[in-house]
Amino acid sequence: MDMKNIFVTCPTMAVHGGVRVICEWANHLSRRGHSVTLQIIRPAGYRWDNWIDIDSTVRIQVGQAINLNGYDTAVATFPAAALAMDADSSFCKKFYFLQMAEHLFDPNPAWHNLCFQSYKVKMPIIGISKWVEEEVRKHRGDGKMYYVGNGVSDDFKPGQKDEGLTVLVEGWGGYNDAKDVDLLAPRVAEVLHREYGAKIIAFSQFPLSFHKKAKQYEYILAEYHEAPSREALVRLYQRPTFMLKASRYDARSCAPVEAMKCGTVTVRAIERGDDDLIDMANCRKVGYDFNELLYAAKSIINVPDFRLSLESAAIEYATRVLNWETRISEIENILING
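Below you will find a few notes about this structure.

Conventions adopted
- Residues numbered from 1 in each chain as written.
- Predicted model: local features only at pLDDT ≥ 70, side-chain atom pairs only at ≥ 80, totals over all residues.
- Heavy atoms only, no water.
- Core = buried A, V, L, I, M, F, W, Y, C linked by side-chain atoms within 4.5 Å.
- Buried < 20%, exposed > 50% of the residue type's maximum accessible area, 1.4 Å probe, protein only.
- Helix = DSSP H or I, 4+ residues; strand = E, 2+ residues; numbered from the N terminus.
- Contact = heavy atoms within 4.5 Å.
- Axes fitted to C-alpha atoms, helices over the stretch in contact; angles between N-to-C directions.
- Parallel < 35°, antiparallel > 145°, perpendicular 65-115°, else oblique.
- Left-handed = near helix turned anticlockwise from the far one by under 90°.
- Pairing = 2+ DSSP bridges.
- Salt bridge = Lys/Arg side-chain N within 4 Å of Asp/Glu carboxyl O.
- Lys, Arg positive; Asp, Glu negative; His and termini not counted.
- Polar contact = N/O pair within 3.5 Å; in protein donor to acceptor, adjacent residues only side chain to side chain.

So, the nonpolar core
In step 1: Met-13, Trp-25, Leu-38, Tyr-96, Phe-97, Ile-126 and Leu-335 are the most contacted members of the largest nonpolar core, which totals 59 residues.
In step 2: The dominant element in this core, judged by the number of residues it contributes, is helix H1 (residues 17–31), at seven residues.
In step 3: For Phe-97, the residues in contact, after removing those within four places along its chain, are Val-21, Ile-22, Trp-25, Val-75, Ala-76, Thr-77, Ile-126 and Ile-128.
In step 4: If you look at the next biggest cluster of nonpolar residues, it comprises 34 residues, including Leu-192, Leu-244, Val-286 and Phe-306.

Written out as structure tokens, the structure is:
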């Protein structure tokens, strides 16, 4: 395949799964011989070398102005960049890599309008979730769209589990309208702590004080980790009996599949999303409902052999499907030949 000059935007370097995926794209495309530039729009305040590696072969530049001159292919990764690229007259292939139905993050009408306009761009959209494609097509019609999956870094691998019942809560509190707005995960964790004596550990990209709505459940926490480093995150995924994660919507959340590759089963509450999670096959996946999530968690605790079978299936799925070499081949073909 011909080597190309590829430009990729990244809105921020905050500790976030979507940012990790963008950086993985940049790294793996560079390893295949392409000249890759990663433009970070808002880098201030974040030290990304603590939680993700960006290959030295990837050219990093910072700033809001987007200049596509000299590039063969350009990838927008957030609404404003998608609209700016779509209006740009530079001669290069352009794509919008859309990791979520962005308008669901914020009810602000101006934000909704920006997102809806970005769904209508002339350039193809690359998505990672079937339901997000359905949502976007309400605005886009039959405009070109591609569907790809994510991989998981080989940094994530099984390790030693804690003794006794340990439950990891990812996210702890909802921070936008698509997340755990009803605090299902802390509420279920509180029941498991009270009824089973479960040790509750949690992490989030934010300090604990940020999650004000969940303050009443802080007393159950044995540990809380803010924006853990890559090494700390791997260890957090390895340790628990299972992980609890709840959100209303996600396209393809990184945390459950990263935990999966570390040999930890996720008990997941969600209305729509997470295409890799298959209930009763490699996880427990239920609706965004307190009672359903609690019942699913108890099914993991009360039937240890069931949990062990899900762990084995999760590791097998992660090894077979969630590898970047397979995923990046599909992505590379779209970017070069699409």
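Structural notes on the packing of helix H5 (residues 184–196) against helix H8 (residues 290–302)
In step 1: One can describe the packing of H5 onto H8 by two numbers: an axis separation of 10 Å at closest approach and a directional angle of 45°. Taken together, the axes of H5 and H8 are oblique relative to one another. Crossing hand, H5 versus H8: right-handed. Between H5, through Leu-184, Ala-185, Arg-187, Val-188, Val-191, Leu-192, Glu-195 and Tyr-196, and H8, the contact on the second element is made entirely by Phe-290, Leu-293, Leu-294, Ala-297, Lys-298, Ile-301 and Asn-302.

Concerning the environment of Asp-88
In step 1: As for its position among the elements, Asp-88 is in the loop between helix H2 (79–87) and strand S5 (93–98).
In step 2: The exposure class of Asp-88 is partly exposed, given its relative accessible area of 22%.
In step 3: Sequence-distant contacts of Asp-88, that is, excluding residues within four places in its chain, are made with Leu-68 and Lys-94.

What about unusual backbone geometry?
In step 1: Of note, the phi angle at Asp-274 is positive, near 60°, even though the residue is not glycine.
In step 2: Mapped onto the elements, Asp-274 comes out in the loop between strand S12 (265–272) and strand S13 (284–286).
In step 3: Accessibility expressed as a relative area gives 3% for Asp-274, which makes it buried.
In step 4: Located in the positive-phi region is Met-280, a residue other than glycine, with phi close to 70°.
In step 5: Residue position: Met-280 is located in the loop between S12 and S13.

A closer look at the sheet that holds strand S9 (residues 199–204)
In step 1: The six strands lie next to each other as S10-S9-S8-S11-S12-S13, forming an open sheet whose pairing is parallel. Either end of the sheet is taken by a strand with one partner, and the two such strands are strand S10 (221–226) and S13. Here the average twist between neighbouring strands, direction ignored, is 20°.
In step 2: On the sheet, helix H6 (residues 230–238) packs against strand S8 (166–170), S9, S10 and strand S11 (242–249) and is oriented at approximately 145° with respect to S9.

Digging into the pattern of salt bridges
Pairs may arise between side chains of opposite charge once their charged atoms sit close together.
In step 1: Under the defined criterion, the tally for this structure stands at 30 salt bridges.
In step 2: The salt bridge involving Glu-135 is made with Lys-138; its shortest N-O contact spans 3.2 Å. Of this pair, Glu-135 and Lys-138 both sit in helix H4 (residues 130–140), three residues apart, which is roughly one turn of that helix.
In step 3: With relative accessibility at 14%, the residue Glu-135 sits in the buried group.
In step 4: On the accessibility criterion, Lys-138 (60% relative accessible area) is exposed.
In step 5: Asp-279 is paired through a salt bridge with Arg-284; the nearest N and O atoms lie 2.8 Å apart.
In step 6: Judged by relative accessible area, Asp-279 falls into the partly exposed class, the value being 31%.
In step 7: Residue Arg-284 is classed as buried on the basis of its relative accessible area, which comes to 9%.

Considerations on the side chain of Lys-94
In step 1: Inspection of the secondary structure assignment puts Lys-94 in strand S5.
In step 2: Salt bridges are absent for the buried Lys-94, whose nearest opposite-charge side chain, Asp-88, sits at 4.4 Å.
In step 3: In this structure the side chain of Lys-94 is engaged in a polar contact, spanning 2.9 Å, whose partner is the backbone oxygen of Met-85.
In step 4: Within polar-contact distance, the side chain of Lys-94 engages the backbone oxygen of Asp-88 at 2.3 Å.
In step 5: Contacts of Lys-94, omitting those with residues within four sequence positions, involve Leu-68, Ala-74, Met-85, Asp-86, Asp-88, Ser-89, Met-123 and Pro-124.

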